[in-house]
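An overview of the molecular structure
Here is how the chains run, residue by residue.
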Amino acid sequence: MSLKVSRAGGASMEPVPEGSYIAICVGVYDIGVQKTEYKGEVKESPKLAVTWELPEEVIQGGSYEGEPRLISKMYTASLADRSTLKADLESWRGRAFTDEEMEGFDLVNILGKACMLQVIHSQNNGRTYANIKAVTPVYKGVAVPQPANELKAFDLDADSWLWELDHGGLPEWIVKKVKESETYKARMAQEEMPEPLTAGAEAF
């Protein structure tokens, strides 16, 4: 896939409490073509994950005590008119995409940018999940601190994607999602294919 989108195309922890938060985008990850099932129908579509740091919501207890919480949202990698990604980005920016931007918007541009996130909870099989309901601009006059986490981007179209996957310090859950993708499986199968016989080589 790619981190350029267009119109075409962890550890156990209490969920982030419901509410409105200042947030800074610290991660944009291409996780390849994923299979999803809805009402018995299986679909394949390119997915990506966006991660935000919540500087005012810190971890309580454990080895990460005092560090800011992180929250992520999965998207279909498309700026189609009805896509959630397009709606969230336009709400965040406070303006619609231009026709030029719609032909190819590089998501690396959102790294380090601040916004407000509205978090709500949902229940599934007895577990509570924190979901990002809305992404909006930061209120005027609100001071935004520098992020504590390193800004990270992962692009499966990059030449170094395989090295970055194993050695780039990506979150474990991102590595797991990428390796579950149809993109990763297809590329690994291609790598394992035997080399074709060259002219003059002996064959059985």
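Report on the accompanying structure. It should be emphasised that the depicted structure is a prediction, and the values quoted were computed from it without experimental measurement. (Residues numbered from 1 in each chain as written. Predicted model: local features only at pLDDT ≥ 70, side-chain atom pairs only at ≥ 80, totals over all residues. Heavy atoms only, no water.)

1. Let's talk about unusual backbone geometry
Positive phi outside glycine occurs at Asn-125, with the angle close to 50 degrees. Note that Asn-125 resides in the loop between β6 (114-124) and β7 (127-136). For Asn-125, a relative accessible area of 75% puts it in the exposed group. (Helix = DSSP H or I, 4+ residues; strand = E, 2+ residues; numbered from the N terminus. Buried < 20%, exposed > 50% of the residue type's maximum accessible area, 1.4 Å probe, protein only.)

2. Overview of empty space enclosed by the protein
Here the idea is plain: a probe the size of a water molecule rolls over the atoms and shows the empty space left. Of the volumes computed, that of the largest cavity is approximately 40 Å³. Every residue lining the largest cavity is listed: Val-50, Trp-52, Tyr-75, Leu-85, Asp-88, Leu-89, Trp-92, Ile-110 and Val-135. Secondary-structure elements contributing two or more residues to the lining of the largest cavity are β3 (41-58) and α1 (84-93). A total of 4 residues in the lining of the largest cavity trace back to one element, the largest contributor, which is α1. (1 Å grid on protein atoms, 1.4 Å probe; cavity = no way out; pocket = protein on both sides within 12 Å on 5 of 7 lines; lining within 4 Å. Points joined across faces, edges and corners; volume = space filled by probe spheres on them.)

3. Section: the packing of aromatic side chains
Counting across every chain of the model gives 3 aromatic pairs. For the ring pair Trp-52 and Trp-92, a centre distance of 6.0 Å and an interplane angle of 50 degrees mean the geometry is tilted. Note that Trp-52 is positioned in strand β3 and Trp-92 in helix α1, a separation of 40 residues in sequence. Ring geometry for Trp-161 versus Tyr-184: centroids 6.2 Å apart, planes at 90 degrees, classification edge-to-face. Here Trp-161, found in helix α3 (residues 161-167), pairs with Tyr-184, found in helix α5 (residues 182-192); they are 23 residues apart in sequence, far enough to count as distant. Exposure class is identical for Trp-161 and Tyr-184. Each is buried. Between Arg-187 and the ring centre of Trp-161, over which it is positioned, the NZ or CZ distance is 5.0 Å. (Phe/Tyr/Trp six-rings, centres within 6.5 Å; stacked < 30°, edge-to-face > 60°. Lys NZ or Arg CZ within 6 Å of the ring centre and 35° of its normal.)

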